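Structural description and commentary
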Amino acid sequence: MIKLFGIYISKAVVLLAVIEILIFFSSMFGAIFLRHKFGTNSLPIDSDTLQNLPTIYAVIMFSSMTALGLYQKGSMASSSGFLLRLLLGFLVGGLIMAFLYFSLQLFPNTDRSLLTHGFTLSILGILIARTLFVRVTSDKTLKRRVLVLGVGINADRIEESVKSKDTVGIVVVGYVNLGDRIELIDESRQVVKDQTLLEISNRFAVDEIVVAVDDRRKKLPNHELLECKIRGIQILDLLTFFEKELSIINIDLLYPSWMLYTDGYRQKALNRTIKKTFDMTVGIVIFIVAAPLMILVALASLIESGGRDPILYSQVRVGKNGKLFKVFKFRSMRTDAEADGVARWASKNDARITKLGGFLRKTRLDELPQIYNILNGDMSLVGPRPERPEFVLQLSNDIPYYLQRHWVKPGLTGWAQLLYPYGASEEDAKRKLEYDLYYVKNASTMLDFIILLQTIEVVLLGKGAQ
């Protein structure tokens, strides 16, 4: 695993991304070469336009693939889901290329068949690359081999994540029994400590050791752990292990000193300035592009209500450092949704949602007026979703570290929105907080860009809508 832009990524996935970028480049270059060599009308293959076309094509198609989550963990768990994402990825990339080709005339004097041939070669190349990738990465001999110290509650957390296939890039070779009071790991999975940790690691060809004993005050074989580290074996605590494998900060395991000494949680003045500039620039672009769509939504809302109900609604939310502000949305619920004054979670098939509101929520169009909140400085493009004060008061009393999500500005979209389905309960809020804390720890402009890019998948596939 390597860490890029605040995200832990498998080296195999990085290699796959590089190979597929080369496939996109080579496919378009090959289409140009074949058209030049065997076409009836020879193309000026040495022109700047044709020389730039493969690079532009590779960048656009790779970005489209990323936006559709095709480099996320588990993107190929289902063949039907993968094919849907792949088709949508090529569709989005193809529409962008067609826009550049026909509307902006970015590639004058080039044959239209180049796009068709380039697309055909690309699809064949990607399908071959992905088939080989699945076969290679499914081979246990190529996965990271992990040895876990502990057989109790914490060790069982790892075992459950392995069984649910949340940790697809590893294979746990065994659990070393160091005398935990509670034993939850089956004896067949336990490793008796009859040798030093280095000898056990060499016997099982271990790449990583995860310290998962239940009692952190327990005396650990630190000298043996250091010996393993010197020999190139990575040593991880349980919090860092889950951060790497699940992209969360596990609240049940979190303790203040870990937050103090771990990397991250740095918000330098330069980074804040870049983020604000990024928010303003992209926010203005989104407003200009989405303005016609917002007008259509406003007209549809007026028609649905017969002009009786307001188009927008505002609601008080909690922002950075606990500051209260009004968030704006297109109205998606009946005006009497909370006539009794009691704040309620939105639920699945909520009867308070109007017919138009259901469509707006599914497509996230109800969120568009929040561009005003972004331009006004109350929100950012990316960050934890802003919550109502009533819920914040309740959740901060019941969930440890809940207020830490307010160390950054709330966002239009966020890490939790990408990786966790819509939450409508306190338990959901707790699980989403683990993703929010991950974002707070690893926030960067590039991570924001990646989240924005992958939000396209959320919108197109309607993930997590309620």
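In case you missed it, the structure is sitting above this.
Below: a short report on this structure. (Residues numbered from 1 in each chain as written. Predicted model: local features only at pLDDT ≥ 70, side-chain atom pairs only at ≥ 80, totals over all residues. Heavy atoms only, no water.)

Under the defined criterion, the tally for this structure stands at 21 salt bridges. The closest approach of N and O atoms between Glu245 and Arg144, which form a salt bridge, is 2.4 Å. Of this pair, Glu245 sits in helix α8 (residues 238–246) while Arg144 sits in strand β3 (residues 144–149); the two residues are 101 residues apart in sequence, bridging distant segments of the chain. Each member of the pair, Glu245 as well as Arg144, is classed as buried. Of the charged contacts in the structure, one is a salt bridge between Glu367 and Arg385, with a shortest N-O distance of 3.0 Å. Here the residue Glu367 occupies a position in the loop between α11 (355–363) and α12 (370–376), and Arg385 occupies one in the loop between β10 (380–382) and α13 (389–398), the gap between them amounting to 18 residues. Classification of Arg385 by relative accessible area gives buried; the value is 14%. Among the charged side chains, a salt-bridge network with shared partners connects Arg157, Asp252, Glu427, Lys430, Arg431 and Glu434. (Salt bridge = Lys/Arg side-chain N within 4 Å of Asp/Glu carboxyl O. Helix = DSSP H or I, 4+ residues; strand = E, 2+ residues; numbered from the N terminus. Buried < 20%, exposed > 50% of the residue type's maximum accessible area, 1.4 Å probe, protein only.)

Okay, the packing of helix α10 (residues 269–305) against α11 next. How two helices sit against one another is set out by the angle between their axes and by the gap between those axes. Two elements in contact, α10 and α11, have axes separated by 10 Å at closest approach and are oriented at 155 degrees. Considered as vectors, α10 and α11 are oriented roughly antiparallel to each other. Across the interface between the two elements, Val297, Ala300, Ser301 and Glu304 of α10 pack against Lys355, Leu356 and Leu360 of α11. Here the contact of α10 with α11 is composed, by residue class, of four nonpolar, one polar and two charged. (Axes fitted to C-alpha atoms, helices over the stretch in contact; angles between N-to-C directions. Parallel < 35°, antiparallel > 145°, perpendicular 65-115°, else oblique. Contact = heavy atoms within 4.5 Å. Nonpolar A, V, L, I, M, F, W, Y, C, P; charged D, E, K, R; others polar.)

Moving on, we get to a nonpolar patch on the surface. On the surface, Phe25, Phe29, Phe33, Leu34 and Leu121 cluster together into a nonpolar patch covering about 440 Å² of accessible area. At four residues, the largest contribution of residues to the nonpolar patch is made by helix α1 (residues 11–38). Mapped onto the secondary structure, Leu121 falls in helix α4 (residues 113–137). A residue is classified by how much of its surface remains accessible, and Leu121, at 34% relative accessible area, is partly exposed. (Patch = residues over 30% accessible without salt bridge, like charges linked within 9 Å, V, L, I, M, F, W, Y side chains within 5 Å. Areas by Shrake-Rupley, 256 points an atom, 1.4 Å probe, with all protein chains shown as cover.)

Tallied over the entire structure, the rule returns ten aromatic pairs. Between Phe24 and Phe90, the aromatic rings sit 6.0 Å apart at their centres with planes inclined by 55 degrees, giving tilted as the arrangement. Pair noted here: Phe24 is in helix α1 and Phe90 is in helix α3 (residues 79–103), with a separation of 66 residues, a long-range link. Geometrically, the ring pair formed by Phe62 and Tyr71 is tilted, given 5.3 Å between the ring centres and 45 degrees between the ring planes. The class of Tyr71 is buried, set by a relative accessible area of 15%. Grouping aromatic residues by their ring pairs yields a cluster made of Phe24, Tyr57, Phe90 and Phe119. It is Arg130 that lies over the ring of Tyr71; its NZ or CZ is 5.1 Å from the centre. (Phe/Tyr/Trp six-rings, centres within 6.5 Å; stacked < 30°, edge-to-face > 60°. Lys NZ or Arg CZ within 6 Å of the ring centre and 35° of its normal.)

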